[in-house]
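Residues per chain are reported as follows:
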Amino acid sequence: KTTGAFFLEKKIFSLAGIGDHLLAWTTDSIYLSSDEGRSWTASETGFTAQYAHSFVVSGAKIFVGTNNGLLVSSDQGRSWTNLGLIETGAGYIGQGLSITALAVSGDSLFAGTYDGVFLSTHDGRSWAQLGWNLRQQKRVLSLAVNGTDVLAGCDNGLIYLSPDLGRRWAMVNAW
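Novice: Before we move on, can you summarise the side chain of Ser 73 with the specific residues and values?
Specialist: Here Ser 73 lies in strand β8 (residues 69-73). Of the polar contacts made by the side chain of Ser 73, one reaches the backbone oxygen of Ser 79; its length is 2.8 Å. If we skip the residues at most four places from it in the chain, Ser 73 touches Ala 60, Lys 61, Ile 62, Arg 78, Ser 79 and Trp 80.

Novice: So what's going on with the pairing of strand β12 (residues 99-105)? Which residues, and what values?
Specialist: Within β12, five of the seven residues are buried, which leaves it mostly tucked inside the rest of the structure. Two strands pair when backbone bridges link them, and β12 and strand β13 (residues 108-113) are joined in this way by six bridges, in the antiparallel orientation. By the bridge assignment, Ser 105 is partnered in β13 with Ser 108. In sequence, β12 turns back onto β13 through a hairpin of two residues, with Gly 106 there showing a positive phi of about 60°.

Novice: Residue-level account of empty space enclosed by the protein, with values.
Specialist: Per the stated rule, a full pass over the model turns up one cavity of 30 Å³ or more. Approximately 30 Å³ is the volume attributed to the largest cavity. What lines the largest cavity is Ser 58, Phe 63, Val 104, Gly 106, Asp 107, Ser 108, Leu 109, Ser 120 and Asp 123. Here the lining of the largest cavity is composed, by residue class, of three nonpolar, four polar and two charged.

Novice: Run through the nonpolar core, naming residues and quoting values.
Specialist: Phe 110, Val 117, Leu 130, Val 140, Leu 143, Ala 152 and Trp 169 are the most contacted members of the largest nonpolar core, which has 14 residues in total. Counting residues per element, the ones that place at least two in this core are β12, β14 (116-120), β16 (140-146) and β17 (149-154). When residues of this core are assigned to their parent elements, the largest contribution, three residues, is made by β17. Dropping the residues within four chain positions of it, Leu 143 is found in contact with Ala 101, Leu 102, Ala 103, Phe 110, Ala 111, Gly 112, Val 117, Val 150, Leu 151 and Ala 152.

Novice: Report on the environment of Ser 162, specifying residues and quantitative values.
Specialist: Examined against the element boundaries, Ser 162 turns out to sit in strand β18 (residues 159-162). Considering only alpha carbons, one finds Ser 162 and Asp 149, 13 residues apart in sequence, at a separation of 5.5 Å. If we skip the residues at most four places from it in the chain, Ser 162 touches Thr 148, Asp 149, Val 150, Arg 167, Arg 168 and Trp 169. Among the polar contacts made by the side chain of Ser 162, one reaches the side chain of Asp 164 at a distance of 2.9 Å. Of note is the side chain of Ser 162, whose polar atom sits 2.7 Å from the backbone nitrogen of Gly 166.

Novice: Help me get a handle on the sheet that holds β13, residues and values and all.
Specialist: Reading across from one edge, β12-β13-β14-β15 is the order of the four strands in this open sheet, with antiparallel pairing throughout. Looking at the sheet topology across the chains shown, the edges are occupied by β12 and β15 (128-130). The average angle at which neighbouring strand axes cross in this sheet is 30°, direction not considered. Pairing analysis gives three bridges linking β14 to β15, with the strands arranged antiparallel. Following the sheet pairing, Leu 119 is matched in β15 by Ala 128.

Novice: Talk me through the pattern of salt bridges; I want residue IDs and the actual numbers.
Specialist: In total, this model carries four salt bridges according to the counting rule given. With a closest N to O distance of 3.5 Å, Glu 36 and Arg 38 form a salt bridge. Taking relative accessible area as the criterion, Glu 36 reaches 67% and is therefore assigned exposed.

Novice: So, unusual backbone geometry: which residues are in play, and what are the values?
Specialist: Located in the positive-phi region is Asp 123, a residue other than glycine, with phi close to 55°. For Asp 123, the position within the fold is in the loop between β14 and β15.

Cut-offs and rules
- Counting of residues starts from 1 at the beginning of each chain's written sequence and follows it residue by residue.
- Predicted model: local features are reported for residues with pLDDT of at least 70 only, side-chain atom pairs are reported and counted for 80 or more only, and whole-chain, interface and lining totals are derived from all residues.
- The side-chain values count all of the structure's non-hydrogen atoms but skip hydrogen atoms and water molecules.
- Here a strand is any run of E in DSSP of at least two residues, a helix any run of H or I of at least four, and the numbering for each starts at the N terminus.
- Polar contact is the term for a pair of N or O atoms within 3.5 Å; when the atoms are in protein, one must be able to donate a hydrogen and the other to accept it, and sequence-neighboring residues count only if both atoms are side-chain atoms.
- Any pair of residues with heavy atoms lying within 4.5 Å of one another is described as a contacting pair.
- Relative accessibility decides the category of a residue: with a 1.4 Å probe and only protein chains considered, values under 20% of the type maximum give buried, values over 50% give exposed, and everything between is partly exposed.
- By the convention used here, strands pair only if DSSP detects at least 2 bridges between them.
- Cavity: a set of points on a 1 Å grid over the protein atoms alone where a 1.4 Å probe fits but cannot get out. Pocket: an open set with protein on both sides within 12 Å along at least five of seven lines, its lining residues, like those of a cavity, having an atom within 4 Å of a point.
- Grid points are joined across faces, edges and corners, and a volume is the space filled by probe spheres set on the points.
- Side-chain classes are defined by residue name, with Ala, Val, Leu, Ile, Met, Phe, Trp, Tyr, Cys and Pro counting as nonpolar, Asp, Glu, Lys and Arg as charged, and the others, Gly among them, as polar.
- Only buried residues count toward a nonpolar core, which is a set of Ala, Val, Leu, Ile, Met, Phe, Trp, Tyr and Cys residues joined through side-chain atoms within 4.5 Å.
- For helices, the axis comes from a line fit to the C-alpha atoms of the stretch in contact; other axes are also lines fit to C-alpha atoms, and the angle between any two N-to-C directions lies between 0 and 180 degrees.
- We define a salt bridge as a side-chain nitrogen of Lys or Arg found within 4 Å of a carboxyl oxygen belonging to Asp or Glu.

Written as structure tokens, this is what we have:
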């Protein structure tokens, strides 16, 4: 165990809370705290050379989008399972595809990637690509869900809105 002060030496990429645990993805690991951040313990990821872009909590599970696919934990972040890269019927979408954003609504898990937005209704075990017009944009870096509305922010400054959980998309801003 270490105190919260050691974070001064690390970059914190993503934060999340689940139950009574706080999680922080840093330059070298996922750390968890069960005492409101006063002390931290390294989580047992078992994975190297992964960088987290986004945490999202869905029920008792926490998902992490990384540069090498999706991780999931069912024990408040103590241990992790690598679900791998997003796969479709045509095979893997892109070599080393990063999951740059995650959002959840009910049993729908959304992943923003370098190749648009994907949807899983099977806890990240299978995926469907949403919004082919988003593929023409640069990578999706941010996702938000409110009811049936899904917002996707791209790294070229454009924001897209889907009013129907990703079936149809329209640009909602322009330079």
